[in-house]
Amino acid sequence: MKNIFGNLIEIHNRYLDSFEVGKVVVDNKDYIIIKAINPNGEYDGYSFNEKREISKIKSNGKYLGFMNKLQNMNVDNLSFETKEEIISYAIVNSKLLYVTSSTWCYYKIIKPI
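Computed from a prediction, not measured in an experiment: that's the story for all the values here.

Analysis parameters
Residues numbered from 1 in each chain as written. Predicted model: local features only at pLDDT ≥ 70, side-chain atom pairs only at ≥ 80, totals over all residues. Heavy atoms only, no water. Buried < 20%, exposed > 50% of the residue type's maximum accessible area, 1.4 Å probe, protein only. Helix = DSSP H or I, 4+ residues; strand = E, 2+ residues; numbered from the N terminus. Pairing = 2+ DSSP bridges. Polar contact = N/O pair within 3.5 Å; in protein donor to acceptor, adjacent residues only side chain to side chain. Contact = heavy atoms within 4.5 Å. Salt bridge = Lys/Arg side-chain N within 4 Å of Asp/Glu carboxyl O. Axes fitted to C-alpha atoms, helices over the stretch in contact; angles between N-to-C directions.

A. Focus on the pairing of strand 3 (residues 31-37). For strand 3, the tally of buried residues reaches five of seven residues, placing the bulk of the element in the interior. One ladder, built from five bridges, connects strand 2 (residues 19-27) with strand 3; its direction is antiparallel. Bridged to Lys23 within strand 3 is Lys35. Two successive antiparallel strands, strand 2 and strand 3, enclose a turn made up of three residues. The pairing of strand 3 with strand 4 (residues 43-50) spans six bridges and is antiparallel. Paired with Ile34 across the bridge in strand 4 is Ser47. What sits between the antiparallel neighbours strand 3 and strand 4 is a turn of five residues, in which Gly41 has the positive phi angle 85 degrees.

B. Main features of the environment of Val26. Looking at the secondary structure, you find Val26 in strand 2. Expressed as a C-alpha distance, the spacing of Val26 and Ile4, which sit 22 residues apart in the sequence, is 9.1 Å.

C. The arrangement of the side chain of His12 in detail. Inspection of the secondary structure puts His12 in strand 1 (residues 8-13). At 2.8 Å, the side chain of His12 and the side chain of Glu10 are in polar contact. The contact partners of His12, leaving out residues within four places of it in the chain, are Ser18, Phe19, Glu53, Ile54, Ser55, Lys56 and Lys58.

D. Expanded view of the pattern of salt bridges. Evaluated as defined, the whole model comprises three salt bridges. Lys51 is the salt-bridge partner of Asp27, the closest N and O atoms lying 2.8 Å from each other. Residue Asp27 is found in strand 2, and its partner Lys51 is found in the loop between strand 4 and strand 5 (54-58); the two are separated by 24 residues along the sequence. A salt bridge links Arg52 to Glu50, with the shortest nitrogen-to-oxygen separation between them at 3.0 Å.

E. View of the sheet that holds strand 1. The antiparallel open sheet is built from five strands, whose spatial order is 4-3-2-1-5. Each having just a single partner strand, strand 4 and strand 5 make up the two edges of the open sheet. Strand-to-strand twist across the sheet, computed as the mean angle between neighbouring axes with direction ignored, equals 40 degrees. Relative to strand 2, strand 1 runs antiparallel, the two sharing five bridges. Of the residues in strand 2, the one forming a bridge with Glu10 is Val21.

Right, dumping it as structure tokens:
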């Protein structure tokens, strides 16, 4: 594989059904360390990946292109009390509303490209 240092990549682990995305900070014959990026395009710590456990590494594709754009966007981090306030803000300011949730709820308003 070509030199991937500094590139945004997807790492697919042979034992998991998911993958990680991040920028390569170390790439040697035994392992890859990435500066991980969460689905919101934000820094999510460092991830150590042994090469023997990696099934696939992708360095291009639609998802990585989207993640690159997301990282480079001008993002407003705002607080709202109700979902109605969020929706109203998005409509009034012509913003794209992006919502993710897990054990807690996180809202982010993204400026259009």
